[in-house]
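Okay, here's what each chain looks like letter by letter:
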Amino acid sequence: DAGITQSPRHKVTETGTPVTLRCHQTENHRYMYWYRQDPGHGLRLIHYSYGVKDTDKGEVSDGYSVSRSKTEDFLLTLESATSSQTSVYFCAISEDSYTDTQYFGPGTRLTVL
Amino acid sequence: DQQVKQNSPSLSVQEGRISILNCDYTNSMFDYFLWYKKYPAEGPTFLISISSIKDKNEDGRFTVFLNKSAKHLSLHIVPSQPGDSAVYFCAASARRYGGSQGNLIFGKGTKLSVKP
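What you see is a predicted model; the values in this text were computed from it and never measured.

> What should I look at first to understand the pattern of salt bridges in this one?
Pairing of side chains with opposite charge becomes possible as their charged atoms draw close. All names here are of chain A. Counted under the stated rule, the structure contains six salt bridges over all chains. Where Asp 38 meets Arg 36, a salt bridge forms, and the shortest distance between an N and an O atom there is 2.7 Å. The buried category is assigned to Arg 36, whose relative accessible area is 9%. It is possible to trace a salt-bridge network through shared partners that takes in Arg 22, Lys 70 and Asp 73.

In structure tokens form, the structure reads like this:
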């Protein structure tokens, strides 16, 4: 199994509060991704990173920001959480390119009340 | 506009029989296709992939078939086992174009139940 951890694994928060989710990898892979999974939508890309301090938007980036100050860590921030951001968030990594096989973390279940 | 479609939300199969999961795509630029399996409360795990230069790829009990003219791919599991019960996601990308075109686009998933 690829060495990917996500923290926290579960979080309940209130509307309007800031939330940061962390993805940590021990594989030294260059590419990292944040997805959300919702019923009826499958997995949708939020943001991705192709190196330290190099990030770009995905399909559903509104309301989210990311940062990558170290190869091993990719942070996803909800500046002001909304109920529509209640979801399961997955981090993924890949070694060589955008479309190399991606390996996923265990997920974070976020509930915004 | 959904570029990758898995039209069957669920599929139930008897143990030992063949499971066939289907996936259709609309973007003719897609040239790389993958299947992921997901158990509850876990992240998706890579299962098998196929490049558009091939029409079949096999790995043990799992075979993926690609029909480019129909923009259709399918995953065959033979024989099906109860441990195969999971949600299966089809994904596609336009790898040769690079950049954001290379990002994976996922279908909504098909829940497979294999009954003993």
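> So what exactly am I meant to see when it comes to the nonpolar core here?
Looking at soluble globular proteins, one finds that nonpolar side chains tend to be buried together. Residues Phe33(B), Trp35(B), Leu73(B), Leu75(B) and Tyr88(B) are the most contacted members of the largest nonpolar core, which totals 24 residues. Counting residues per element, the ones that place at least two in this core are β3 (19-25), β4 (32-38), β5 (45-51), β7 (62-67), β8 (72-77), β9 (86-93) and β11 (110-115) of chain B. When residues of this core are assigned to their parent elements, the largest contribution, four residues, is made by β9(B). Those residues within four positions of Phe33(B) in sequence are excluded, and the remaining contacts are Tyr25(B), Ile48(B), Ser49(B), Ile50(B), Leu66(B), Leu73(B), Ala91(B) and Ala92(B). Grouped together as the second largest cluster of nonpolar side chains are 19 residues, Ile4(A), Val66(A), Leu78(A) and Val112(A) included.

> Explain the state of the cysteines here, please?
Any covalent bond linking the sulfur atoms of two cysteines counts as a disulfide. Summed over the entire model, instances satisfying the criterion amount to two disulfides over all chains. Here Cys23(A) is linked by a disulfide to Cys91(A), with a sulfur-sulfur distance of 1.9 Å. In this structure, the disulfide formed by Cys23(A) and Cys91(A) twists by about -70 degrees around the S-S bond and is classed as left-handed. With a gap of 68 residues between them, Cys23(A) in strand β3 (residues 19-25) and Cys91(A) in strand β9 (residues 87-94) connect regions that are remote in the sequence. Cys91(A) shares its class with Cys23(A); the two are buried. For Cys23(B), the disulfide goes to Cys90(B), at an S-S distance of 2.1 Å. On the sign convention where negative is left-handed, the bridge of Cys23(B) and Cys90(B), at about -75 degrees about the S-S bond, is left-handed. Of this pair, Cys23(B) sits in strand β3 while Cys90(B) sits in strand β9, and the two are 67 residues apart along the sequence. We classify Cys23(B) as buried; its relative accessible area is 0%.

> Looking at this structure, I do not really get the interface of chain B and chain A. What am I missing?
Accessible area lost upon the coming together of the parts serves often as the stated size of an interface. Contacts between chain B and chain A engage 19 residues on the former and 19 residues on the latter. Carbon and sulfur atoms supply 58% of the area that chain B and chain A bury against each other, a total of about 1600 Å² over both sides. Our count for the chain B to chain A interface comes out at two residue pairs in polar contact (both at pLDDT 80 or more). Ranked by residues supplied to the side of chain B that touches chain A, first place goes to β4(B) with three residues. Partitioning the side of chain B that touches chain A into residue classes produces eight nonpolar, seven polar and four charged.

> Sorry if this is basic, but what is going on with unusual backbone geometry here?
Peptide bonds are trans in most cases, and residues, glycine excluded, mostly fall at negative phi. In this model, Ser7(A) is joined to Pro8(A) through a cis peptide bond whose omega is -10 degrees. In this model, Val78(B) is joined to Pro79(B) through a cis peptide bond whose omega is -10 degrees. Mapped onto the fold, Pro79(B) is located in the loop between β8 and β9. Unusually for a residue other than glycine, Asn28(A) sits at a positive phi of about 60 degrees. Asn28(A) sits in the exposed class, given a relative accessible area of 63%. Phi is positive for Ala41(B), which is not a glycine, with a value near 65 degrees.

> Which parts of the structure should I look at to understand the sheet that holds strand β1 (residues 4-7) of chain A?
Either a parallel or an antiparallel arrangement is found when strands of a sheet pair, and the pairing is made through backbone hydrogen bonds. All names here are of chain A. In spatial order, the strands read β1-β3-β8-β7; together these four strands make up an open sheet with antiparallel pairing. Each of the sheet's edge strands pairs with one partner strand only, and the pair in question is β1 and β7 (64-70). The sheet shows a mean angle of 20 degrees between the axes of neighbouring strands, taken without regard to direction. As judged from the five bridges shared by β7 and strand β8 (residues 73-78), these two strands associate in the antiparallel manner. When the bridges of β8 are listed, Ser 67 appears paired with Leu 75.

> Please clarify how the packing of aromatic side chains should be interpreted in this entry.
In this description, an aromatic ring pair is defined by two values, namely the gap between the centres and the angle between the planes. Taken as a whole and judged by the stated rule, the model has 14 aromatic pairs over all chains. Here Tyr25(B) and Phe33(B) contribute two aromatic rings whose centre-to-centre distance is 4.7 Å and whose plane-to-plane angle is 40 degrees, an arrangement assigned as tilted. You can call Tyr25(B) buried: its relative accessible area is 7%. Of the residues examined, Phe33(B) reaches a relative accessible area of 1% and is grouped as buried. Put simply, the rings of Tyr33(A), Tyr35(A), Tyr48(A), Tyr50(A), Phe104(A), Tyr36(B), Phe46(B), Phe89(B) and Phe106(B) touch in pairs and so form one group of aromatic residues.

Analysis parameters
Residues numbered from 1 in each chain as written. Chains lettered and ligands numbered in written order. Predicted model: local features only at pLDDT ≥ 70, side-chain atom pairs only at ≥ 80, totals over all residues. Heavy atoms only, no water. Salt bridge = Lys/Arg side-chain N within 4 Å of Asp/Glu carboxyl O. Buried < 20%, exposed > 50% of the residue type's maximum accessible area, 1.4 Å probe, protein only. Core = buried A, V, L, I, M, F, W, Y, C linked by side-chain atoms within 4.5 Å. Helix = DSSP H or I, 4+ residues; strand = E, 2+ residues; numbered from the N terminus. Contact = heavy atoms within 4.5 Å. Disulfide = S-S within 2.5 Å. Buried area = accessible area lost by both parts, 1.4 Å probe. Polar contact = N/O pair within 3.5 Å; in protein donor to acceptor, adjacent residues only side chain to side chain. Nonpolar A, V, L, I, M, F, W, Y, C, P; charged D, E, K, R; others polar. Pairing = 2+ DSSP bridges. Axes fitted to C-alpha atoms, helices over the stretch in contact; angles between N-to-C directions. Phe/Tyr/Trp six-rings, centres within 6.5 Å; stacked < 30°, edge-to-face > 60°.

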